[in-house]
Amino acid sequence: MIRFENVSKRYANGHYGIIDVNLEIRRGEFLFLVGPSGAGKSSLIRLLYREDVPTTGEIYLDEFRLTQLKRRHVSRLRRQLGVVFQDGKLLTNRTVYQNVAFAMEVVGASGRDIHKRVPQVLELVGLSKHHNHYPHQLSGGEQQRVGIARALVNNPVYIIADEPTGNLDPETSFGIIKLLQEINRRGATIIMATHAKDIVNQMHKRVVAVENGRIIRDEARGVYGYES
Amino acid sequence: MSLNSIGYIVKETGRNLIYNTWMTLASVSTVAISMFVLSFFLVLTVNMNHVTSVLQSQVEMRVFIKPHVSRAKEMTLLRDSRHWSGVAKMQFFTKQEAANTLKKEFPNQKNLLTLISKSNPLFDGFNVYTKRPSDIPALASRFRKQPIVHNVIYEGQVVSRLSRLSVILKWAGWGIEGLLGLATLFIIVNTIRLAVFARRREVSVMKLVGATDWFIRWPFVLEGLILGLVGAIVADIVVGQGYHWLLFEASNALPFWPMASFHQVMQKTQDFTLGGGLLVGVLASIVALRRFLRV
């Protein structure tokens, strides 16, 4: 369970990322975060994975209180989360397999677990055949799947995706969404910031709309709602 | 920390070192040079101390007896003073023996020889060998207080000058070493900074998936340690070979000069260079991580 309580984030330059946000996300939900560019979607997401700390208010994530979380304990929080970015943030000098395995290595997983788990995840995202390829040998959609595989591999409770389909054509985007939906069906909570109107409208999932740093709409089975 | 993690950290450290070959070489050689200079001063100091201690062990005190004192009185003093604390050995000489020694030492001084032969102005006396050089001053004053003693001579000044010189040498060495150490520190800091920079994407991914701070830091700390250590080892090898050669040359050119032994020298330099290398390496990684790795 994630809960934002009167959360505001003011950046050093005086600009507000989000203002007085209250939001509750239960485990197992699939939630779209929509809104124009600069509305505060990314700010909200950065607060979630503790890249930023709220200026006021409190964020609860399961047993964590994010404003109280000591710096050296941030790693514990992050292990509950899988974060996916628009640009994937893949390591270009490592193969698909190594990219995914890297996420397990650095949290101290054993070689045996890695050998067992990575192929499973690659199978799930449909990249088994590409495990020896380097990121530059893959299409945009495939790269994004690697990013998702890496986010998934440590079995996080929450998947946080910041415009994961931002660079992809509609058809590929749909593939990614289907994948996230499958992951959601298997129990992970998905929080996804997006501009992809068609997808949001078709999925009939919870939609939270952000504008000028405030939540202006929160619908259980919502639509995108902007003319974009 | 699990065995998996240790394996990973070692692997990453190796990767860092190989990835930045030139900076690795630069760092290792700066450490080596700085440690070499340190060793140079250490070798000097060890040798100075060695010479000083050899000289100290050879120092003898000469006690001269007033003229016209009977032989019996001289012998009484000789017997008594043998048991004084600090005395290792006593040797009596007559003024005739003193004159003969002098003739042997300066066979070319004709005037001197004729002078001595006519009327011997020398004194009877004792050569006194002490157990420790520090016993000399006390013993000397004790001898002086004896009514039949004319005066006491000992070569304390050479020794004290030598020890003063080695103190100066030591401080100069530390001063230069401090500056060199600082330069070495900066080079290693820079090397680690480059390693952090080269691996910033890895670092950001590591943070993202929940690697602990120390898991991220360790490879860089280890890198600093290895740079320091390898540099020190290189310096040791060079110094070892160099001193070996020096000993060989010196035994030909200066056969009577007391050189400190290979082991005496290497033991000291190894302690200091390895310790210094590790210290610089660790300090550098700490500085580099504080400044460049915001985990």
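First things first, this report covers the structure right here in the doc. Residue positions within a chain follow its written sequence, with the count starting from 1. Throughout, the order in which chains and ligands are written sets their labels, letters from A for the former and numbers from 1 for the latter. Given that the model is predicted, a residue must reach a pLDDT of at least 70 before its local features are reported, and side-chain atom pairs must reach 80 or more before they are shown or counted; all residues, however, enter totals for whole chains, interfaces and linings. In computing side-chain values, all of the structure's heavy atoms are included and hydrogens and water are not.

Moving on to the overall build of chain B. A tally of regular secondary structure across chain B gives ten helices and four strands. Under the DSSP-based scheme used, a helix requires at least four consecutive residues in state H or I and a strand at least two consecutive residues in state E, with every element numbered from the N terminus. In chain B, the succession of helices and strands from N to C terminus is α-α-β-α-β-α-α-β-α-β-α-α-α-α. Expressed as a percentage of contacts within chain B between residues at least 6 apart in sequence, the contacts between residues at least 24 apart total 84%. Note on areas: Shrake-Rupley with a 1.4 Å probe; residue coverage comes only from the protein chains shown. A total accessible area of about 16800 Å² is found for chain B, and carbon and sulfur atoms account for 65% of it. Note on contacts: a residue pair qualifies if any of its non-hydrogen atoms lie within 4.5 Å across the two residues.

Here we take up the interface of chain B and chain A. Counting from both sides, the interface comprises 22 residues of chain B and, opposite them, 24 residues of chain A. By buried area we mean how much accessible surface two parts lose on assembly, using a 1.4 Å probe and totalling the loss over both. Across the chain B to chain A interface the summed buried area is about 1900 Å²; carbon plus sulfur atoms make up 52%. Among the residues chain B hides against chain A, the three largest losses belong to Val205(B), Leu208(B) and Val209(B). Together they make up 32% of the total. When a carboxyl oxygen of Asp or Glu is within 4 Å of a side-chain nitrogen of Lys or Arg, the pair counts as a salt bridge. On inspection of chain B and its partner chain A, the count reaches four salt bridges.

Bringing the packing of helix H9 (residues 213-253) of chain B against helix H10 (residues 262-292) of chain B into the picture now. Residue and element names in this part refer to chain B. Helix axes use the C-alpha atoms of the stretch in contact, all axes being lines fitted to C-alpha atoms, and the angles between their N-to-C directions lie in the range 0 to 180 degrees. The geometry of H9 relative to H10 is characterised by a closest axis approach of 8 Å and an angle of 155 degrees between their N-to-C directions. On the basis of their axis angle, the class for H9 and H10 is roughly antiparallel. Here H9 and H10 pass one another in a crossing that is right-handed. Residues were grouped as follows: Ala, Val, Leu, Ile, Met, Phe, Trp, Tyr, Cys and Pro as nonpolar; Asp, Glu, Lys and Arg as charged; and all remaining residues, including Gly, as polar. Its residues assigned to classes, the contact of H9 with H10 comprises 16 nonpolar, ten polar and two charged. Any angle between 65 and 115 degrees counts as roughly perpendicular, while under 35 counts as roughly parallel, over 145 as roughly antiparallel, and the rest as oblique. Left-handed is the label given to a crossing in which the near helix is rotated counterclockwise from the far helix by less than a right angle, and right-handed is the label when the rotation is clockwise.

Residue and element names in this part refer to chain B. Looking at the secondary structure, you find Phe262 in helix H10. In the structure, Phe262 is positioned 22 residues away from Gly240 in sequence and 7.9 Å away in space, judged by C-alpha atoms. Ignoring anything within four residues of it in the chain, the contact list for Phe262 reads Gly240, Tyr243, His244 and Leu247.

Here we take up the sheet that holds strand E8 (residues 189-193) of chain A. Residues and elements named next belong to chain A. A pair of strands counts as paired when DSSP detects no fewer than two bridges linking them. Spatial ordering of the open sheet is given by E6-E7-E8-E3-E9-E10, a layout of six strands whose pairing is mixed. The sheet is open, and its two borders are formed by strand E6 (81-85) and strand E10 (214-219), each paired with just one other strand. Here the strands of the sheet are splayed against their neighbours by 15 degrees on average, with no regard to which way each runs. Sheet analysis places strand E9 (residues 206-211) next to E10, joined by five bridges and oriented antiparallel. Bridge pairing links Val210 to Ile215 in E10. The sheet contacts of helix H6 (residues 170-185) involve strand E3 (30-34), strand E7 (158-162) and E8, and relative to E8 the element is tilted by about 150 degrees.

Using the criterion set out here, one finds 19 salt bridges over all chains in the structure. The residue Glu12(B) makes a salt bridge to Arg199(B) at a minimum N-O spacing of 2.5 Å. Of this pair, Glu12(B) sits in helix H1 (residues 3-19) while Arg199(B) is found in the loop between helix H7 (156-198) and helix H8 (200-208), placing the two residues 187 residues apart along the sequence. As far as burial versus exposure is concerned, Glu12(B) and Arg199(B) are alike and both buried. By sharing partners, the salt bridges in this structure join Arg94(A), Glu12(B), Arg15(B), Arg199(B) and Glu202(B) into a single network. Only protein chains enter the accessibility calculation, which uses a 1.4 Å probe; a residue is then buried when its area is under 20% of its type maximum, exposed when over 50%, and partly exposed in between.

Under the pairing criterion, centres of Phe, Tyr and Trp rings, with the six-membered ring standing for Trp, must be within 6.5 Å; the plane angle then separates stacked pairs below 30 degrees from edge-to-face pairs above 60, leaving the rest tilted. All told, the structure shown has ten aromatic pairs over all chains when counted by the stated rule. Ring centres of Tyr8(B) and Phe215(B) lie 4.9 Å apart, and the angle between their planes is 15 degrees; this geometry places the pair in the stacked category. Placement of the pair is Tyr8(B) in helix H1 and Phe215(B) in helix H9, with a sequence separation of 207 residues. Phe215(B) matches Tyr8(B) in its accessibility class, with the two residues each being buried. Ring geometry for Phe40(B) versus Phe41(B): centroids 5.9 Å apart, planes at 90 degrees, classification edge-to-face. By relative accessible area, which is 49% here, Phe40(B) ends up partly exposed. Taking relative accessible area as the criterion, Phe41(B) reaches 14% and is therefore assigned buried. Three or more aromatic residues joined by ring pairs form one cluster here, namely Phe102(A), Tyr8(B) and Phe215(B).

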